[in-house]
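Listed here are the chains, written in short residue letters.
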There are 4 protein chains.
Amino acid sequence: MSSGIGNKVKIQLFGQSHSRGLGVVIDGLPAGEKIDMERVTEFLRRRAGGRNAYSTPRAEADVPDILSGLVNGVTCGAPLCAVFENANTRGADYERLRAVPRPSHADYTAHVKHSGYNDVNGGGHFSARLTLPLCFAGAVCLQILERRGVKVDAHIFSVGDVKDDGYGDGIGTSINTETENASPKDADTQTNAARMASPPFPTLNESAGEKMKAVITEAAKRGDSVGGIIECGIWNLPVGLGEPIFDNLESRLAYALFAVPAVKGVEFGAGFASASMYGSEYNDPFYMDGGTVRTSTNNSGGILGGISNGMPIILRAAFKPTPSISLPQKSVNLQTGEDTELTVTGRHDPCVVPRAVPCVISAAAITILDFLETARI
Amino acid sequence: MSSGIGNKVKIQLFGQSHSRGLGVVIDGLPAGEKIDMERVTEFLRRRAGGRNAYSTPRAEADVPDILSGLVNGVTCGAPLCAVFENANTRGADYERLRAVPRPSHADYTAHVKHSGYNDVNGGGHFSARLTLPLCFAGAVCLQILERRGVKVDAHIFSVGDVKDDGYGDGIGTSINTETENASPKDADTQTNAARMASPPFPTLNESAGEKMKAVITEAAKRGDSVGGIIECGIWNLPVGLGEPIFDNLESRLAYALFAVPAVKGVEFGAGFASASMYGSEYNDPFYMDGGTVRTSTNNSGGILGGISNGMPIILRAAFKPTPSISLPQKSVNLQTGEDTELTVTGRHDPCVVPRAVPCVISAAAITILDFLETARI
Amino acid sequence: MSSGIGNKVKIQLFGQSHSRGLGVVIDGLPAGEKIDMERVTEFLRRRAGGRNAYSTPRAEADVPDILSGLVNGVTCGAPLCAVFENANTRGADYERLRAVPRPSHADYTAHVKHSGYNDVNGGGHFSARLTLPLCFAGAVCLQILERRGVKVDAHIFSVGDVKDDGYGDGIGTSINTETENASPKDADTQTNAARMASPPFPTLNESAGEKMKAVITEAAKRGDSVGGIIECGIWNLPVGLGEPIFDNLESRLAYALFAVPAVKGVEFGAGFASASMYGSEYNDPFYMDGGTVRTSTNNSGGILGGISNGMPIILRAAFKPTPSISLPQKSVNLQTGEDTELTVTGRHDPCVVPRAVPCVISAAAITILDFLETARI
Amino acid sequence: MSSGIGNKVKIQLFGQSHSRGLGVVIDGLPAGEKIDMERVTEFLRRRAGGRNAYSTPRAEADVPDILSGLVNGVTCGAPLCAVFENANTRGADYERLRAVPRPSHADYTAHVKHSGYNDVNGGGHFSARLTLPLCFAGAVCLQILERRGVKVDAHIFSVGDVKDDGYGDGIGTSINTETENASPKDADTQTNAARMASPPFPTLNESAGEKMKAVITEAAKRGDSVGGIIECGIWNLPVGLGEPIFDNLESRLAYALFAVPAVKGVEFGAGFASASMYGSEYNDPFYMDGGTVRTSTNNSGGILGGISNGMPIILRAAFKPTPSISLPQKSVNLQTGEDTELTVTGRHDPCVVPRAVPCVISAAAITILDFLETARI
């Protein structure tokens with residue numbers, strides 16, 4: 001699949017950090033869906049840089065040019081192609097990287113894979129700039145999902161050692177899904193998702209957010225970077241989504257999430273914490289809630305046997321620290337075959353997590369819409 | 001893809017826990033590969049039950065019947081089909097489950113997805129018994145990989161709160177890959193993989209293994225179960241394996257791993273621990289090792305930009321506790337629509353982790369062979 | 001895809017002419033479908049050999065062994081695996097073929113492709129025996145299609161120079177679809193499909209059938225073989241099936257049909273004859289038939305822009321003469337590198353067309369069911 | 001796949017006849033391939049309209065805007081995106097078609113499939129204008145194929161009842177592949193491909209070409225259109241390309257060819273004529289030609305068992321007459337539900353065949369390059 005994903009709703013990304021343009025083709029969207037471009041652009045702003053101290057100063061207009069697929073703002077059944085310009089590029093920053101790969105970047109592996117023909121400018125096709133068309137696709141899918149009652153959201157779960165509250169009670173303990181007067185079709189009151197997190201630095205707990213910002217600021221001052229975790233929730237999915245064995249919800253969501261740059265781990269429900277739990281604590285008891293089957297805890301993260309069980313899907317993605325730091329690092333010169341030292345200059349985020357929130361939402365949204373469009377439940 | 005996986009080497013599983021038979025078709029294997037069935041059977045014994053106190057007493061012969069694809073034990077380019085019998089089945093155990101789904105099992109979701117037509121006996125197609133043909137496919141792929149110098153192995157990284165050593169130095173700290181006199185092509189000395197773990201309870205640290213067994217025995221006594229983590233390593237991959245963005249190594253490996261029953265999390269290299277690291281600690285410095293580019297730590301788990309960098313691939317999969325426990329649990333009656341209580345009888349593992357080790361190895365092996373057969377590096 | 005086909009309903013064939021067994025896995029069948037095995041077996045008898053003078057004397061029992069996927073004869077949502085035995089094999093016939101490839105067979109190409117490791121016995125995986133599991137899959141799909149009102153049938157359109165009537169008026173002239181009092185939902189009266197052809201030698205015109213048999217008998221006497229054409233019709237498809245550009249109905253049906261051994265051409269509606277027509281003759285005029293849009297001719301074969309238009313799908317597949325003939329033929333010895341002569345012995349059909357009728361029906365049926373299960377119309 | 005095709009080299013088309021732009025993303029091209037844009041543009045001119053009496057007067061600049069995938073004119077391993085403008089559009093021509101579908105066009109089926117939301121202007125996504133990005137992809141693939149010694153070409157085989165010579169001796173008789181002093185690696189002398197056909201009206205026999213032009217001119221005068229056949233040859237393929245059963249060369253080539261608008265039939269080698277042949281005439285005798293296995297006739301069209309046998313691949317595609325004619329035609333009004341009459345105005349080709357030649361070449365070229373990139377021979 002390379003830079004494409006999906007069975008029925010198929011996303012094909014293209015572009016490099018400093019190519020003439022970059023974009024996405026979305027093939028298989030249902031016809032007749034109105035797409036609100038204002039809201040798409042608003043969503044894209046969540047991943048845009050240049051807005052505050054926590055992100056790269058590179059600012060692009062990031063206005064999508066819709067070449068096809070919409071007639072009067074409504075999907076017509078033909079592939080939707082959106083293109084973005086790469087106006088604000090600075091090739092000179094990257095010339096030295098052709099010889100000296102940046103540690104923990106894709107420079108070296110892309111060089112070997114593409115026999116030295118890879119586009120080194122700005123990381124080429126491996127640049128996080130490619131999350132722009134990904135988020136465009138996500139924004140489109142989100143609007144269609146919303147029309148079907150499905151909600152997808154995410155918040156910053158941790159930065160460094162600072163943790164936010166969880167959509168459930170947290171990792172490692174049971175994720176309580178019972179809330180007073182919760183109706184199973186009321187997305188906002190299932191779990192404490194009612195506590196929605198707000199961009200541009202979405203946390204459930206405001207003071208945790210302030211502490212995270214401090215960690216980022218402090219790292220940036222030292223020329224360093226820091227990692228974090230994003231938690232994503234999906235509410236109001238029908239029961240029965242996902243296929244047995246391989247094409248299950250977890251496999252497909254993880255597949256999409258690991259395509260977001262810097263993700264090094266993905267977990268569902270209690271996730272890694274479940275490894276140190278007993279079955280008697282972990283298992284989610286079923287109960288009837290006015291004719292609907294629900295579970296009183298949600299350690300399964302809404303997925304049983306790879307298939308949605310009607311509870312909120314809860315997942316977490318771990319992000320490594322931004323590999324670009326201003327501190328001097330050890331590397332090698334691929335041309336001379338000698339060890340060397342490298343100082344990465346250019347524009348970089350001290351922490352990718354805030355801008356990665358819409359990327360996680362997008363990866364989830366395109367996967368879920370593809371499932372819904374393919375599903376025979 | 002449902003119960004199939006792969007682009008070039010394609011695996012199609014079939015069977016239910018109590019159907020007449022179950023098995024796998026492997027399409028796209030290279031021709032001319034000798035398959036040693038003794039070694040295949042030996043590998044399958046690692047996932048077989050009925051061997052000791054840590055696993056289910058259900059014992060099947062598990063001898064593969066090769067219907068096609070081999071001529072005199074050598075692959076002939078045609079799909080290889082292996083079938084296993086389901087001799088030792090006990091349908092009666094499961095009859096009540098048609099009405100009352102077991103908590104944290106797939107009973108409920110399968111019931112809804114398949115409109116009540118799902119095979120409930122033994123969990124049907126969702127049974128962990130389907131890992132038998134998965135492991136068969138894994139065993140075949142392993143032999144072909146081995147002939148190409150690629151090694152895949154795994155060990156029990158944790159059970160409950162008891163942790164084994166890691167292939168690196170451990171989660172959360174730098175994974176040191178420098179070992180004295182290590183040659184990059186010498187699989188056994190790259191990292192401390194030299195410390196190979198032995199079945200049927202493979203740990204790197206023997207005393208950790210003993211403590212884990214005690215945890216399992218204690219849980220079993222109480223009618224409870226316990227979770228754990230498996231760490232997998234892949235040695236001697238060429239640099240450049242994996243495609244950009246979606247078809248990257250992490251996405252594809254995670255996709256396969258989440259198909260192993262009970263997996264709730266997957267991470268690579270430092271994984272979730274990288275979220276609380278600074279870039280200056282996390283980044284893996286490059287250095288030249290006799291003409292070969294290596295990194296002195298391996299927090300990236302051998303993958304940069306989704307592409308293999310020549311270092312060992314290190315990943316971990318978190319397993320939830322076996323959902324089947326003998327303790328009474330709350331559930332619902334799907335026929336009466338009332339809350340009820342359930343006590344699961346039948347044969348179950350108190351901890352799936354020991355038997356899941358070959359499953360993790362298999363998921364990794366089939367993914368890697370598919371990449372190698374598809375790749376143009 | 002190699003020996004597999006399908007997006008949602010996926011068919012994976014396996015087996016060789018003389019392997020222990022051969023069969024098929026069908027993944028993605030809807031759950032809750034009753035499969036009548038009597039009718040499946042009856043359908044399989046249509047492709048069985050050893051029944052009369054027009055086919056090979058090799059007779060196999062061809063009774064499917066259902067390993068999985070059915071519970072009490074009803075699909076359960078898990079992959080359905082059916083296995084057939086290869087009891088009546090005679091390896092000795094084929095030993096010389098390892099060195100001397102039969103003209104117009106796959107012996108030479110399989111030898112090169114699989115580096116000499118291919119199974120030469122009976123043509124191995126390239127044997128027409130592999131149409132047995134294909135027809136099994138077809139028979140299953142046909143029953144599900146029938147339940148949805150869709151009918152698929154085929155007849156022998158020509159053998160040598162002898163032509164049957166067509167489902168329309170014939171190739172090259174307009175295919176008239178108007179029949180008195182035809183209701184669009186009455187499959188049997190749309191076009192003259194009411195004139196159904198009966199196995200084992202299905203023609204619409206009985207006397208044409210007799211003449212065809214004479215041609216085959218005469219060819220067989222001379223140790224020769226002869227080709228022919230099969231016409232297939234699909235009735236009562238909903239309007240709107242098929243995707244734009246690549247995944248259109250014609251591309252997908254042709255893809256499946258060219259997988260039937262010996263097919264060298266596929267055409268839809270007026271097909272090749274349309275190449276010598278004027279637009280004013282070819283174009284199918286629309287008219288309203290009691291609220292339903294129909295066309296008064298059907299040169300399009302029920303497909304416009306790759307999408308079903310509600311008229312019967314009409315297609316034809318051309319079969320080359322059976323490559324195995326008893327007459328001496330020129331070939332080469334791959335071991336000595338010299339020209340040589342070959343006389344093919346063994347059991348062979350003088351004309352594959354009669355037995356290929358259920359294969360064409362099957363290729364069409366599995367494609368159409370896959371479309372119906374995937375479609376969002 | 002909808003508007004996408006390919007396993008390793010993947011083509012995704014987008015755009016509508018009158019959308020802002022249209023184009024293609026080619027993902028999976030090998031890195032390091034120089035693409036000569038002059039030659040690409042030259043190839044695109046072969047399908048451009050507005051050049052002579054035999055094609056539509058709509059003239060577009062058709063200059064590709066390369067957004068990504070090339071660095072200094074060389075592929076960099078990232079998806080190549082090319083965009084074309086739709087400058088010369090005339091929406092007004094098509095407004096009435098929303099209610100009254102043109103006979104034998106996709107108007108009606110697209111209307112039903114997309115619930116009336118389809119883009120009707122110029123046929124929207126179903127317009128033959130989408131063959132522009134298809135040909136762009138073809139032109140790129142052709143240059144890479146050429147570098148590997150593979151040649152793909154095509155000529156007008158027939159228009160109406162006028163026939164050109166064939167690459168072989170013609171349909172229905174043996175295709176003679178022996179030419180004096182032919183070296184198997186010399187593409188131009190294998191078969192009479194040496195008689196290359198020249199654009200813009202490529203025929204092997206010049207006087208046949210003149211007669212065809214007369215047929216087209218005469219049809220155009222009457223406001224009518226006419227069909228034809230295109231023959232395509234592929235030279236110098238390695239032996240062993242193609243997979244058994246489904247993913248065979250014929251299935252894959254036919255799949256791509258039926259995506260070219262107006263194609264209603266595809267055949268290989270002797271094709272439909274083989275249906276009236278005896279095995280003794282049809283079978284292609286093998287012989288040794290200086291160490292290379294060849295066949296003295298080529299009725300198989302270079303494909304045995306779905307796999308290339310080293311002889312030229314020969315195929316033919318039948319095109320129906322252009323559905324748009326100026327003569328009055330019967331249709332229906334979808335809004336009133338009444339029968340009506342329609343006269344199609346606007347710009348149309350009296351015969352699509354001359355402009356379809358590069359489309360056939362492109363469909364073949366992208367399929368073959370995908371096979372070569374995926375193959376393990």
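Residues numbered from 1 in each chain as written. Chains lettered and ligands numbered in written order. Predicted model: local features only at pLDDT ≥ 70, side-chain atom pairs only at ≥ 80, totals over all residues. Heavy atoms only, no water.

Visitor: How would you explain the packing of helix H3 (residues 131-147) of chain C against helix H7 (residues 353-374) of chain C if you had to name every residue and give the values?
Guide: Residue and element names in this part refer to chain C. Orientation of H3 relative to H7, taken along the N-to-C sense of each, is 50°, at an axis distance of 8 Å. Here H3 lies oblique to H7, going by the angle between them. Relative to H7, H3 is oriented so that their crossing is left-handed. Residues Thr131, Leu134, Cys135, Ala137, Gly138, Ala139, Cys141, Leu142, Ile144 and Leu145 of H3 touch H7, and the partners they reach there are Pro358, Cys359, Ile361, Ser362, Ala365, Ile366, Ile368, Leu369 and Leu372. Taken together, the residues of the contact of H3 with H7 break down into 16 nonpolar, 3 polar and no charged. (Axes fitted to C-alpha atoms, helices over the stretch in contact; angles between N-to-C directions. Helix = DSSP H or I, 4+ residues; strand = E, 2+ residues; numbered from the N terminus. Parallel < 35°, antiparallel > 145°, perpendicular 65-115°, else oblique. Left-handed = near helix turned anticlockwise from the far one by under 90°. Contact = heavy atoms within 4.5 Å. Nonpolar A, V, L, I, M, F, W, Y, C, P; charged D, E, K, R; others polar.)

Visitor: How would you summarise the interface of chain A and chain D if you had to cite specific residues and measurements?
Guide: The interface is formed by 37 residues belonging to chain A together with 37 residues belonging to chain D. Surface buried jointly by chain A and chain D totals about 2600 Å² across both partners, of which 59% is contributed by carbon and sulfur atoms. Interface area lost by chain A to chain D is led by Arg20, Leu67 and Tyr117 of chain A, which between them contribute 20%. On the surface where chain A and chain D come into contact, there are 2 salt bridges. Among the ionic pairs, Arg20 of chain D bridges to Asp65 of chain A, the shortest N-O distance being 2.6 Å. Across the chain A-chain D interface, the total number found is 16 residue pairs in polar contact (both at pLDDT 80 or more). Sorting the residues of the side of chain A that touches chain D by element identifies strand S2 (10-15), strand S3 (21-27), strand S4 (65-68), strand S5 (70-71), strand S6 (74-75) and strand S7 (80-85) of chain A as the ones contributing at least two each. Per-element accounting of the side of chain A that touches chain D gives the leading share, 5 residues, to S2 of chain A. Looking at side-chain class alone, the side of chain A that touches chain D contains 16 nonpolar, 16 polar and 5 charged residues. (Buried area = accessible area lost by both parts, 1.4 Å probe. Salt bridge = Lys/Arg side-chain N within 4 Å of Asp/Glu carboxyl O. Polar contact = N/O pair within 3.5 Å; in protein donor to acceptor, adjacent residues only side chain to side chain.)

Visitor: Please set out the sheet that holds strand S8 (residues 151-159) of chain D residue by residue, giving values where relevant.
Guide: What links the strands of a sheet is backbone hydrogen bonding, and the strands pair in either a parallel or an antiparallel sense. The sheet built from 10 strands is open, its strands ordered S9(C)-S8(C)-S10(C)-S16(C)-S11(C)-S11(D)-S16(D)-S10(D)-S8(D)-S9(D) with antiparallel pairing. Each of the sheet's edge strands pairs with one partner strand only, and the pair in question is strand S9 (162-163) of chain C together with strand S9 (162-163) of chain D. (Pairing = 2+ DSSP bridges.)

Visitor: A description of the interface of chain A and chain B should follow, citing residues and the corresponding values.
Guide: Contacts between the two partners involve 98 residues from chain A, matched on the other side by 98 residues from chain B. Three residues stand out in chain A for area buried against chain B, namely Lys113, Phe246 and Lys264 of chain A, and they jointly supply 11% of the buried area on that side. Where Lys113 of chain B meets Glu243 of chain A, a salt bridge forms, and the shortest distance between an N and an O atom there is 3.4 Å. For the pair chain A and chain B, the number of links is 49 residue pairs in polar contact (both at pLDDT 80 or more). Looking at the side of chain A that touches chain B element by element, the count peaks at 6 residues for strand S11 (residues 263-268) of chain A. In terms of residue class, the side of chain A that touches chain B is built from 49 nonpolar, 31 polar and 18 charged.

Visitor: Before we move on, can you summarise the packing of aromatic side chains with the specific residues and values?
Guide: In total, this model carries 20 aromatic pairs over all chains according to the counting rule given. Measuring from centroid to centroid gives 5.2 Å for Phe268 of chain A and Phe258 of chain B, while their planes differ by 85°, and the two rings are edge-to-face. Here Phe268 of chain A, found in strand S11, pairs with Phe258 of chain B, found in the loop between helix H5 (249-257) and strand S11 (263-268), and the two come from separate chains. The exposure class of Phe268 of chain A is buried, given its relative accessible area of 0%. The cationic tip of Arg316 of chain A hangs over the ring face of Phe157 of chain A; the distance from NZ or CZ to the ring centre is 5.5 Å. (Phe/Tyr/Trp six-rings, centres within 6.5 Å; stacked < 30°, edge-to-face > 60°. Buried < 20%, exposed > 50% of the residue type's maximum accessible area, 1.4 Å probe, protein only. Lys NZ or Arg CZ within 6 Å of the ring centre and 35° of its normal.)

Visitor: Describe the relation of the copies chain A and chain B, listing the residues and the values that go with them.
Guide: Superposition of the two copies of the chain requires a rotation about an axis together with a shift along that axis. Least-squares fitting of chain A to chain B yields an RMSD of 0.0 Å, with the transformation described by 0.0 Å of translation along the axis and a rotation of 180°. The symmetry that links the two subunits is that of a two-fold axis. Both copies contact each other with a shared surface, as 100% of the interface residues of chain A are interface residues in chain B too. (Least-squares fit on C-alpha atoms with pLDDT ≥ 70 in both.)

These figures come from the coordinates and say nothing about function on their own.
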